[in-house]
Structure formats: C-alpha cells, structure tokens
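Examination of the molecular architecture
Listed below are the residues making up each chain.
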Amino acid sequence: MINIDDDPKEIVKELSETEKNILFILGKMRISVNKNVNEHSLKKKLSNEDLENYKKAFSNLCNSGIIVMYRPGNFGVSKQGRRITDEIVEQKRQNKYDGLRILMLQV
C-alpha cells in the first residue's frame, strides 16, 4: 500500500510501470481536482500492454488516494497526486532529453 504522505520521489519508486504510465498521461493532460478526465478518454491513450493491467493499477491508485472520483466515470488527481504526476512527467522529460546538448554559435 502506498503512503501518500511520503516524498513524491519515493512514491514514484514504489509504483508499477502501468501506474506510472497512467499518472504520466494524467500529468501531461494537467489533470487536477478541478480539471477531471473521463475514464474512457484515459483508456484511449494507453498502450495495449498497459490496458491488460489497467484495472488493478487504476484501483491501486484510487485506493491510495492519488486518483479521486469527481463523479461516476470522471476522475481527478488529488493535491499530493498532482505532485507525483509532475515528478513523473519531469523524470520522463529528463530521460528523453538527457543526451541533448545545444551548440550556440555566435556569428
């Protein structure tokens, strides 16, 4: 069980890949408590591998309090969950652009 009061970096280490991918999509969409997403829209953005483990991963995130129900079928991300999604998005961005170097020439 995930303790939502821990540091976001520690929580991210405990998550499965499917849970990270779900939170990454929610982070890219900038979902919060006030901006929610339909579960069907979320499923459309996941890969086939993530869809196989979706039910278990989504229920774990809901039970831990990272994802909260806004109304039936619509979900948002809690305040601590928003910190976790921001951390996941930042980590993926760093991994993608880790080797990128910019050369600036002055003419």
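No experiment lies behind these values; they were computed from the predicted model shown. (Residues numbered from 1 in each chain as written. Predicted model: local features only at pLDDT ≥ 70, side-chain atom pairs only at ≥ 80, totals over all residues. Heavy atoms only, no water.)

A surface patch of like charges, here positive, comprises Lys28, Lys44, Lys45 and Lys96. Mapping lysine 96 onto the fold places it in helix α6 (residues 79-96). (Patch = residues over 30% accessible without salt bridge, like charges linked within 9 Å, V, L, I, M, F, W, Y side chains within 5 Å. Areas by Shrake-Rupley, 256 points an atom, 1.4 Å probe, with all protein chains shown as cover. Salt bridge = Lys/Arg side-chain N within 4 Å of Asp/Glu carboxyl O. Lys, Arg positive; Asp, Glu negative; His and termini not counted. Charge placed at Lys NZ, Arg CZ, Asp CG, Glu CD. Helix = DSSP H or I, 4+ residues; strand = E, 2+ residues; numbered from the N terminus.)

This part is about the packing of helix α2 (residues 17-28) against helix α5 (residues 54-64). Interaxial distance between α2 and α5 falls to 9 Å at its minimum, and their mutual angle equals 70 degrees. In terms of axis orientation, α2 runs roughly perpendicular to α5. Of the two possible hands of crossing, α2 and α5 adopt the one that is right-handed. Where α2 abuts α5, its residues Thr18, Glu19, Ile22 and Leu23 lie against Tyr54, Ala57, Phe58, Asn60 and Leu61. Classifying every residue of the contact of α2 with α5 by side-chain character gives six nonpolar, two polar and one charged. (Axes fitted to C-alpha atoms, helices over the stretch in contact; angles between N-to-C directions. Parallel < 35°, antiparallel > 145°, perpendicular 65-115°, else oblique. Left-handed = near helix turned anticlockwise from the far one by under 90°. Contact = heavy atoms within 4.5 Å. Nonpolar A, V, L, I, M, F, W, Y, C, P; charged D, E, K, R; others polar.)

Here the structure, examined in full by the defined rule, presents five salt bridges. Two residues, glutamate 90 and arginine 93, come together in a salt bridge whose shortest N-O distance is 2.5 Å. You can see glutamate 90 and its partner arginine 93 sitting in helix α6, three residues apart, about one turn around the helix. The class for glutamate 90 is partly exposed, based on a relative accessible area of 30%. Bridged by salt links that share partners, the residues Arg30, Arg82 and Asp86 form one connected network. (Buried < 20%, exposed > 50% of the residue type's maximum accessible area, 1.4 Å probe, protein only.)

Taking 1.5 Å of rise per residue, the twelve residues of α2 would be expected to cover 16 Å, and the 16 Å separating its terminal C-alpha atoms lies within 8% of that figure. Burial within α2 is extensive, with ten of its twelve residues counted as buried. (Expected span 1.5 Å × (residues − 1).)

Throughout the structure, instances matching the rule amount to two aromatic pairs. Plain terms: the ring middles of tyrosine 54 and phenylalanine 58 are 5.2 Å apart, the flat faces sit at 20 degrees to each other, and that makes the pair stacked. Of this pair, tyrosine 54 and phenylalanine 58 both sit in helix α5, four residues apart, which is roughly one turn of that helix. Classification of tyrosine 54 by relative accessible area gives buried; the value is 3%. For phenylalanine 58, a relative accessible area of 7% corresponds to the buried category. When the centroid spacing of 4.9 Å and the interplanar angle of 85 degrees are considered together, the rings of phenylalanine 58 and phenylalanine 75 count as edge-to-face. With a gap of 17 residues between them, phenylalanine 58 in helix α5 and phenylalanine 75 in strand β3 (residues 74-77) connect regions that are remote in the sequence. (Phe/Tyr/Trp six-rings, centres within 6.5 Å; stacked < 30°, edge-to-face > 60°.)

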